[in-house]
Amino acid sequence: MLQMLALGIAGCRHGGDPASARGSTLVMAVPDASVLKPDEWDLDFLTFLPLATRNEQGELEGRLAQRWQHSADFKEWTYHLRTDVHWDDGRPVTARDVKFTLDLLGHPAIAAYPGINATVVDDVTVRIRAAKPHYIDDIVYYPEHLLRSLDPGKFWEWAFWTHPVGNGPFRVLRYLPDRLIEFETNPGYYKGRPRIERVILKFVGEASLTELLSGNVDVARGEPSQVPRIASDRRFSIYNSVAPGAYPIYWKIEHPLFRDPRVRRALVHSLDRRELLRVLNLPEEAPITDAVLTLRQLRRREWPEPLLYDPAGARTLYAAAGWVDRNRDGVLEKDGRPFRFTVSVGNGFGLEKVAVYVQAQLRRAGVQMDIRVFDESVMWDKLRAGDFEAWLYVHQPTSLRRDFGRGNPLGYANPAVFELIDRLQQTADPNEEDRIYRKISDVFQTDPPMVRLLPGSRVWFAHRRIRGLSSPFRASADTHMEDLWVEDATGR
Amino acid sequence: MGRYILKRLLQAIPLLAGIATITFVMVHLAPGDPMDMYIEQRSQREFDPEVIELLRKKHGLDQPLPVQYVKWIGNVARGDFGESFRYRRPVATLIAERVPYTLQLTALALFFDALIGMTLGILSAVKQYSRTDRIITVGSLVMYAIPGFWLGIMLVLVFSVNLGWFPTSQTRSLDYELLSAPEKLLDRLWHLALPVFVLGVASAAGTARFMRNKLLDVLSEEYVLAARARGLSERAVILHHALRNALIPIVTIYGLALPFLLGGAVLIEKVFAWPGMGLLAVDAIGARDYPVILATSMIAAVLVVLGNLVADVTYALVDPRVSYGGKRLA
């Protein structure tokens, strides 16, 4: 009876494949309505424009701004805005909107970007000055004429965020709390009307995979562990994006096991990272490197050769450092002590599984690695207290100073790296940044503070009718929405 | 009865104050800093320490714990639960949006529990030791033992993903606004079916067992024998004599079922992406969103206290032998 009722209801609700019946509408699974908050910039880009964004080569490309100059010290930038960009209500976007937004985001109640001073030179020219070298590529701008009278103290509660007046490729059609937000194309978009007519962001919590498999959404961000299930379904395509970040094991350098750089290099040689990519369903073409990378270097595929998987070379290095399996129990020893340590793993990002594979690989090399999984916040407390031996977590280029700079929690104390990171704080010149990152990477070849196990990557699943996505740099549906299209039944 | 209820409500104030204090202390003593989560999970840029300090100050996290406690309890007394760290919106607004969904789910699960649990319990008792009784008994024990979250995932896999009979998440379809009124009702029921079933089935199984035992106890009472001796039909004996008395303890346990259902709803909402208070609470715990954790804990505590009160009052109303303070309530 339940079956008949369900079929009856389902039958009167939908007919055929829901995904193919939606025409030129794309439905994307997102966790919840927090995506509408003004600091979720990946989705902000649907309705608002930044001054510039990074293109596929990692270079700045103008959006609101058509050209710009900066001072020699990169502390002051002057942007010249396009004159053909309008808000959805028809008003032109001006330098006053840019200044207003930066002042707003620096307001003490919001404190997103304090310390940035913007000056309106004329309607289409704005000068932005900060105490440190900078470039701004992750801020979108809001309409001054609609927001100036609102209370910044209630910034996050403004109804504007759920019914925004924007200037981007899409504009909000309707917002249904706890269910969805629907966008339509902006006919006045300065780059021309996007090909997808409607975009629906459906709030599905953690049910994105089941929503996708049920045909209720067209695009969802996934987990590598879900790849085999999706790969076996011909309705979907899989796209992988890569980012400069990585999932490394950081060594606590002060620990007696890891003090010797030869041991740290031997540990890197003990790990078959290609195998890790394979067993974890990550793209095999993803970069394996021991370098730290800028976005430009990643996108230009400029990275040095990694320390390769080399069990024999690892054994030589272990032996040179005094670690040999003398009693033939499968574990290296030195001065009667086994090579054994515990890695602390945060419980996010599926890193527990990574740790298990690494454990197996190190066991083959005679290294016994125990795993302790912590709630992420607990892990941070332990890190700050220095209560760890090794630490498996996410590395972002933006955390370079925290991870390896002065006072870092690893006890890594390479003066050359300290100096290079200090220099990084004094520049925003992309060429100089590339040079500094290369030099840091050179140091890491001989004195590695971590082993980069896996590249920073994200996996996206999309119904095959959604076109315009590609791996690895156009894989994110949210940031490339305006370039996507929906193939109709005739294959157009 | 009014005096009794007022007295119980006044007694609940120190109880709730105690719960509030313990919850506040435990939440703040738990390891982790909400700003860590904010910075590590939600940012794609290096956060200036100055910004972090500003945020800490803005949320009052820079103040000593006793000061934070006094401010929080004062605000709660005025109905102000503060602002969510994660959503940056007033907690009261967030909860007001979520509570109706949780109540919808729990109320229907309670109804399902009563309808199915009692029916099966009666059937099982009147057909004692028959094949029907054995099937119901084994089925009840199995359903009672299965963890709700596992059952939910399995049902989604079978009935949503593979068969496509039910939706996998949410409360309504995308085109809900375009439907006619009857279609809207069907759509709501369609979305409620699986979560209500999963939430209600374990307690229905418990109710069935309880109902069977109580009814069997009553059926062996002398007044039931007397009714049968007077020539009443078996149907009349069960419905008019045995069942009414067997229902007394059953009805009262529904007040106590509320905490059980609220606890279950936390997991069920997570599995079905049901936008209720449980989902809000679970996500808040993960993000160390103190104001939301505290507010949802307090609301759950209030509901549990009220549930107990309802149970006691109902007991007095349905059982004429019970009186409070020397006076009968009904």
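Residues numbered from 1 in each chain as written. Chains lettered and ligands numbered in written order. Predicted model: local features only at pLDDT ≥ 70, side-chain atom pairs only at ≥ 80, totals over all residues.

## Looking at the nonpolar core
Put simply, the rule is: We define a nonpolar core as a collection of buried residues of the types Ala, Val, Leu, Ile, Met, Phe, Trp, Tyr and Cys that are connected via C-beta atoms lying within 7 Å of each other. Counting other C-beta atoms within 10 Å of each residue's C-beta, where C-beta atoms are placed from the backbone, gives the exposure class: buried for 20 or more, exposed for 12 or fewer, partly exposed between. The numbering of helices and of strands both runs from the N terminus, where a helix is a DSSP run of H or I of at least 4 residues and a strand a run of E of at least 2. Here the contact rule is simple: place C-beta atoms from the backbone, and any two residues whose C-beta atoms are within 7 Å are in contact.
Core analysis: the biggest nonpolar cluster contains 137 residues, and L26, M28, V199 and V219 of chain A have the highest contact counts within it. If one sorts the elements of this core by residue count, helix 8 (residues 181-219) of chain B sits on top with 17 residues. In this view, V199 of chain A contacts L26, M28, L46, F170, F183 and M481 of chain A; residues no more than four positions away in its chain are not counted. Y250, A321, V343 and L453 of chain A belong to the second largest nonpolar core, which has 60 residues in total.

## A look at the packing of helix 1 (residues 2-29) of chain B against helix 12 (residues 290-318) of chain B
Residues and elements named next belong to chain B. Let me state the cut-off plainly: Axis lines are fitted through C-alpha atoms, for helices just across the contact stretch, and the angle between N-to-C directions can take any value from 0 to 180 degrees. Reported orientations rely on four angle classes, namely roughly parallel under 35 degrees, roughly antiparallel over 145, roughly perpendicular from 65 to 115, and oblique for the rest. In this scheme the crossing of two helices becomes right-handed for a clockwise turn of the near helix relative to the far one and left-handed for an anticlockwise turn of less than a right angle. Throughout, the ten residues Ala, Val, Leu, Ile, Met, Phe, Trp, Tyr, Cys and Pro are labelled nonpolar, Asp, Glu, Lys and Arg are labelled charged, and all others, Gly among them, are labelled polar.
Where helix 1 meets helix 12, the closest approach of the two axes is 10 Å, and the angle between their N-to-C directions is 150 degrees. It follows that helix 1 is roughly antiparallel to helix 12 by the angle criterion. The way helix 1 lies across helix 12 gives a crossing that is right-handed. In contact with I5, R8, A12, L15, L16, I19, A20, T23, F24 and V27 of helix 1, helix 12 contributes Y290, I293, L294, S297, M298, A301, V302, V305, L309 and V313. Residue composition of the contact of helix 1 with helix 12, grouped by class: 17 nonpolar, 2 polar and 1 charged.

## Topic: the confidence of the model for chain A
Detailed reading of the predicted model is not advised wherever pLDDT is low. Stated formally: Per-residue confidence from the predictor is given as pLDDT, running between 0 and 100.
On average, chain A scores 87 in pLDDT, and the residues at 70 or more come to 93%. Residue range residues 1-16 of chain A is modelled with pLDDT below 50. Its contacts to residues more than four positions away, or to other chains, number 16 contacts.

## Digging into the interface of chain B and chain A
Across the boundary between the two partners, chain B contributes 43 residues, which contact 36 residues of chain A. Counting only elements with at least two residues in the side of chain B that touches chain A, the list comes to helix 2 (34-42), helix 3 (49-58), helix 7 (148-162) and helix 8 of chain B. When residues in the side of chain B that touches chain A are grouped by element, the largest group, 6 residues, is from helix 8 of chain B. Along the lines of polarity and charge, the residues of the side of chain B that touches chain A split into 19 nonpolar, 9 polar and 15 charged.

## A short note on the sheet that holds strand 4 (residues 65-70) of chain A
All names here are of chain A. For clarity, the threshold we go by: Between any two strands, pairing holds if DSSP finds at least two bridges.
Reading across the sheet, the 4 strands line up as 4-5-7-6 and stay open at both edges, with antiparallel pairing between neighbours. Two strands bound the open sheet, and with one partner strand each, they are strand 4 and strand 6 (116-122). Ignoring which end each strand starts from, the neighbouring axes of this sheet average 20 degrees apart. Here helix 3 (residues 95-105) sits on the sheet in contact with strand 5 (76-81), strand 6 and strand 7 (125-130), set at roughly 165 degrees to strand 6.

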